Amino acid sequence: MNDTTCRQTVPGPSTRSSQHARSRLSLVGTMAAAILIAVSPPSSGDVVAQETPAPAAGQKVTLVTGATSGLGRELALRLGARGDHVIVHGRSEERGAEVVEAINGAGPGSARFYRADFASLDEVRRFAERLLADYERLDILINNAGFGSAPDERWVTEDGHEYRFQVNYLSTFLLTHMLMPRLLASVPARIVNVSSGAQTPIDFDDVMIENNFSGRRAYAQSKLAQILFTHDLAEDLAGTGIVVGSLHPATYMPTEMVRRAGAAPRSTIAEGADAVMQVVDSDDFESGQYFSGLNPTRANAQAYDPEARAQLRELSERLTGLRCEMGHCRLVGQG
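About the cut-offs
- Residues numbered from 1 in each chain as written.
- Predicted model: local features only at pLDDT ≥ 70, side-chain atom pairs only at ≥ 80, totals over all residues.
- Heavy atoms only, no water.
- Phe/Tyr/Trp six-rings, centres within 6.5 Å; stacked < 30°, edge-to-face > 60°.
- Helix = DSSP H or I, 4+ residues; strand = E, 2+ residues; numbered from the N terminus.
- Buried < 20%, exposed > 50% of the residue type's maximum accessible area, 1.4 Å probe, protein only.
- Lys NZ or Arg CZ within 6 Å of the ring centre and 35° of its normal.
- Pairing = 2+ DSSP bridges.
- Right-handed = clockwise from strand over helix to strand, strands pointing away.
- Contact = heavy atoms within 4.5 Å.
- pLDDT = per-residue confidence, 0-100.
- Polar contact = N/O pair within 3.5 Å; in protein donor to acceptor, adjacent residues only side chain to side chain.
- Expected span 1.5 Å × (residues − 1).

Undergrad: Explain the packing of aromatic side chains to me, using residue names and the numbers behind them.
TA: By the definition in use, this model includes ten aromatic pairs. Both rings, one in Tyr 114 and one in Tyr 135, keep their centres 6.5 Å apart while their planes meet at 50°; by these two values the pair is tilted. With Tyr 114 in strand β6 (residues 110-115) and Tyr 135 in the loop between α3 (121-134) and β7 (140-143), the pair connects residues that are 21 residues apart, well separated along the chain. The same class applies to Tyr 114 and to Tyr 135, which are both buried. A centroid spacing of 5.2 Å and a plane angle of 90° characterise the contact between Phe 285 and Phe 291, whose relative ring orientation is edge-to-face. Accessibility assignment for this pair places Phe 285 and Phe 291 in one class, buried. Here the aromatic residues Phe 165, Tyr 169, Phe 173 and Phe 229 are joined through ring pairs into a cluster of three or more. Its end group placed over the ring of Tyr 304, Arg 298 keeps NZ or CZ at 3.7 Å from the ring centre.

Here it is in structure tokens:
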């Protein structure tokens, strides 16, 4: 697959490191020692995965992005405890190993960790390609990875996009469409987009917020984009057996995102996980529905605007290099 996007390297968060150390992980139970290996071609942005046994026959395969801490970690543990094979995604190999060990040790499910940075569309593409090579099915996709409103600084990714718009939305758009063949092969399947009650209409004249930037505005715009995307997916996938939902899980859970913003927690991670699991498991809602906690509700009015959804879809395809027709997408340069 060809990447025709011009790339611009700019500083990211101070907590990121451009060099990732490979390590050996000792897994408990019957799992063999997991060796971290990199997808070729080698670079500082390699996607890393553990070599572990394939899912058992009949075992559901579930991908949770941003699963190494907070809400994502709790979801991964719950899914593993009920018997799923959980694909644990994150940026930290150490924290990813801890989640995998906890799932494999407790059973009855199993887990495997993949490292990929959503601030790089190249890494997202390689992540998706690796999953397509490693798995014949994908029953549940929980798009949970994201970055909050703090610090109140405008960052630009290596792809040249506003940081939160890419990490919270564009990378999810790209990953979901690239994994669609496995979801369609696994119906009934489910896609859950973890959004937020913080929603600001997208300014299509300044999507990257070069003017009047604030971290809160960038975060809220990216989260509303996820909800527009949910409605688009529901419409495109009608009748296929894939149900799509989005939600605001809970207000100010005690996560790193909330701590970084200096906000006092108002709800628990368990409450947020309960809300997500309802969208994962329930058959009592219409595909495309948005929830606040456990309750179905209305999102910002722009989410229901066909023109805004069409503008976002065209922009997203152009920025990610995808071309979609009749619900089927491919990367530019792919046959």
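This is not the end of the story, as more comes after the structure.
Undergrad: Could you give an account of the pairing of strand β5 (residues 85-90), naming the residues involved and the relevant values?
TA: With six of six residues buried, β5 lies mostly within the body of the structure. Residues His 85, Ile 87 and His 89 line one face of β5 and the alternating positions Val 86, Val 88 and Gly 90 line the opposite face, and both faces are buried. Two elements, strand β4 (residues 61-64) and β5, share four bridges in a ladder whose sense is parallel. Residue pairing for β5: Val 61 is matched across the bridge by His 85. Since β4 and β5 lie parallel, the crossover through helix α1 (residues 70-81) that links them has a hand, and here it is right-handed. Of the pairings in the sheet, the one linking β5 to β6 comprises six bridges and is parallel in character. Bridge pairing in β6 links Ile 87 to Arg 112.

Undergrad: Now, about the environment of Ala 67: what can you tell me, with residues and values included?
TA: On the secondary structure map, Ala 67 appears in the loop between β4 and α1. Judged by its relative accessible area of 0%, Ala 67 falls in the buried class. Residues Ala 67 and Val 99, 32 residues apart in the sequence, show an inter-C-alpha distance of 8.1 Å. Each residue touching Ala 67, except ones within four places of it in the same chain, is listed here: Gly 72, Arg 73, Ala 76, Val 88, His 89 and Val 99.

Undergrad: Report on the confidence of the model for the protein, specifying residues and quantitative values.
TA: Mean pLDDT over the protein stands at 83; residues scoring 70 or higher make up 77%. Of the regions scoring below 50 in pLDDT, residues 1-44 engages in 84 contacts with residues more than four places distant in sequence or in other chains.

Undergrad: Lay out the side chain of Asp 117 in plain terms, naming residues and giving numbers.
TA: Summarising the element assignment, Asp 117 is placed in the loop between β6 and α3. Polar contacts involving the side chain of Asp 117 include one to the main-chain amide nitrogen of Ala 119, which spans 2.9 Å.

Undergrad: Which residues make up helix α7 (residues 269-281), and what values go with them?
TA: Between its first and last C-alpha atoms α7 spans 18 Å; for 13 residues at 1.5 Å apiece the expected length is 18 Å, and the two agree. For α7, every residue scored as buried is listed here: Ile 269, Gly 272, Ala 273, Ala 275, Val 276, Met 277, Val 279 and Val 280.

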